[in-house]
Amino acid sequence: MFLVLVLVLCVLGVAWVVVGVHALLLGRMPGKRLPRLVRQPRLWGAGALLVLASAGSPSLFAVAVGLMALGHVMKSR
């Protein structure tokens, strides 16, 4: 059972990285729903990648969540 949980978390982590890199490099979100929710995909992508990089650092995790929140609420110029 533990091995299944680890496998599911690894798959979700890889999917999170793929969406984060896609948003960061291309400047747009994949799918139909995400582009309507995220106004600044590059900020959101940077925050998504920092979430995984901040495995043991609560302060880096807070910065990552802040970047993702800014990606949701900031309007484009």
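Residues numbered from 1 in each chain as written. Predicted model: local features only at pLDDT ≥ 70, side-chain atom pairs only at ≥ 80, totals over all residues. Heavy atoms only, no water.

Visitor: For the overall build of the chain, give the residues involved together with the corresponding values.
Guide: For the chain, the count of helices and strands is 4 helices and 0 strands. Listing the helices and strands of the chain from first to last along the sequence gives α-α-α-α. Across its three principal axes, the chain shows a C-alpha extent of roughly 45 × 30 × 20 Å. The buried share of the chain, taken over its 77 residues, is 19%. (Helix = DSSP H or I, 4+ residues; strand = E, 2+ residues; numbered from the N terminus. Buried < 20%, exposed > 50% of the residue type's maximum accessible area, 1.4 Å probe, protein only.)

Visitor: Please provide a residue-by-residue account of the packing of helix H1 (residues 2–26) against helix H3 (residues 41–53), values included.
Guide: Contact geometry for H1 and H3: axes closest at 7 Å, N-to-C directions at 145°. The two elements H1 and H3 cross, and the hand of that crossing is left-handed. Within the contact between the two elements, H1 uses Gly13, Trp16, Val17, Val19, Gly20, Val21, Ala23, Leu24, Leu25 and Leu26 and H3 uses Pro41, Arg42, Trp44, Gly45, Ala46, Ala48, Leu49, Val51 and Leu52. (Axes fitted to C-alpha atoms, helices over the stretch in contact; angles between N-to-C directions. Left-handed = near helix turned anticlockwise from the far one by under 90°. Contact = heavy atoms within 4.5 Å.)

Visitor: Give a description of the packing of H3 against helix H4 (residues 58–73) that names residues and reports values.
Guide: For the pair H3 and H4, interaxial distance at closest approach is 7 Å and the crossing angle is 160°. When the axes of H3 and H4 are compared, the pair comes out roughly antiparallel. As H3 runs across H4, the sense of the crossing is left-handed. In contact with Leu43, Trp44, Ala46, Gly47, Ala48, Leu50, Val51 and Ala53 of H3, H4 contributes Leu60, Phe61, Val63, Ala64, Leu67, Met68, Leu70, Gly71 and His72. Here the contact of H3 with H4 is built from residues that sort into 14 nonpolar, 3 polar and no charged. (Parallel < 35°, antiparallel > 145°, perpendicular 65-115°, else oblique. Nonpolar A, V, L, I, M, F, W, Y, C, P; charged D, E, K, R; others polar.)

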